[in-house]
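Next come the chains, spelled out residue by residue.
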Amino acid sequence: MTKAEFKERIKGLAFEVIKDRKKSEIAAVEYDELTKFPELKEIIVSLLTADFDPFLSSIDWVAPRPTTFRINLKNNENFYLIWMGRSWIAQVEGKKYYLLNLPEEERAVEAIARILRYGVPGSDEKSAGVSSASDTDVDVDAGGGEEIVIDDTTDVEIDA
């Protein structure tokens, strides 16, 4: 790689980084919490990339100490981000991930990706291969050859 090729490569990468930063800044305007708390925007971009807007429904500021945010996703799932002074803690489906450690951050990203795969509630369940009991008519034969009819008007006496 020559010096000129190296410079062109660096310029190309710099434009990509700037483009991603502008994209996240434009999307952050929609959420008040991201403009008030720039650290929150950084961690959301770290967890969901700069294209986080198609996945987020809203962000709720839940508690002041420790500063806790509920990140509501478009599929009606959520996870929490907790600011602990030095680092963030992501709480996804009850499990806490300390984002100061890279392996735990990677596991948090995988957990968030897993809850994003759940899909939107109320979607067509038949396409997923799930059927409910009301969709299936069941004809049960007792095997005795007799037909038993239960009538609500029949009086039943029980001798004890």
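Provided above is the structure to which this section pertains.
Residues numbered from 1 in each chain as written. Predicted model: local features only at pLDDT ≥ 70, side-chain atom pairs only at ≥ 80, totals over all residues. Heavy atoms only, no water.

A closer look at the packing of helix α3 (residues 38-48) against helix α4 (residues 102-116)
Here is the rule: What counts as an axis is a line fitted to C-alpha atoms, over the stretch in contact for a helix, and the angles between N-to-C directions run from 0 to 180 degrees. Working definition: helices are DSSP H or I runs of at least four residues, strands are E runs of at least two. Numbering for both runs from the N terminus. Note that the term roughly parallel is reserved for angles under 35 degrees, roughly antiparallel for angles over 145, roughly perpendicular for angles of 65 to 115, and oblique for everything else. Contacts were defined at the residue level, with two residues in contact if any of their heavy atoms lie within 4.5 Å. Classes in brief: Ala, Val, Leu, Ile, Met, Phe, Trp, Tyr, Cys and Pro nonpolar; Asp, Glu, Lys and Arg charged; the others, Gly included, polar.
Where α3 meets α4, the closest approach of the two axes is 9 Å, and the angle between their N-to-C directions is 75°. With respect to their mutual orientation, α3 and α4 come out roughly perpendicular. Residues Ser46, Leu47 and Leu48 of α3 lie in contact with α4, whose contacting residues are Glu105, Ala108, Val109, Ile112 and Leu116. Counted by class, the contact of α3 with α4 contains six nonpolar, one polar and one charged residues.

As for the pattern of salt bridges
Our working rule: Salt-bridge detection follows one rule: a side-chain nitrogen of Lys or Arg within 4 Å of a carboxyl oxygen of Asp or Glu.
For the coordinates displayed, the defined rule picks out two salt bridges. The shortest N-O distance in the salt bridge between glutamate 93 and arginine 114 comes to 3.8 Å. With glutamate 93 in the loop between β4 (88-92) and β5 (95-98) and arginine 114 in helix α4, the pair connects residues that are 21 residues apart, well separated along the chain.

Description of the sheet that holds strand β2 (residues 68-73)
Which entries qualify depends on this criterion: Should DSSP find at least two bridges between two strands, the strands are regarded as paired.
Sheet architecture is open: five strands sit in the order β1-β2-β3-β4-β5, paired in antiparallel fashion. Each of the sheet's edge strands pairs with one partner strand only, and the pair in question is β1 (56-63) and β5. On average, each strand axis in the sheet is inclined to that of its neighbour by 25°, with strand direction left out of account. Two elements, strand β3 (residues 78-83) and β4, share four bridges in a ladder whose sense is antiparallel.

A closer look at the nonpolar core
Filter applied, for reference: By convention a nonpolar core is built from buried Ala, Val, Leu, Ile, Met, Phe, Trp, Tyr and Cys residues, the set being connected through side-chain atoms within 4.5 Å. The buried label goes to any residue with under 20% of its type's maximum accessible area, the exposed label to any with over 50%, and the partly exposed label to all in between, with areas taken from a 1.4 Å probe on protein chains only.
Judged by nonpolar contacts, the single largest core of 24 residues is most densely connected at Leu40, Ile44, Leu47, Ile71, Phe79, Leu81 and Leu99. Mapped onto this core, the elements with two or more residues apiece are α3, β1, β2, β3, β4 and α4. It is α3 that contributes the most residues to this core, five residues altogether.

By themselves, these figures tell us nothing about what the structure is for.
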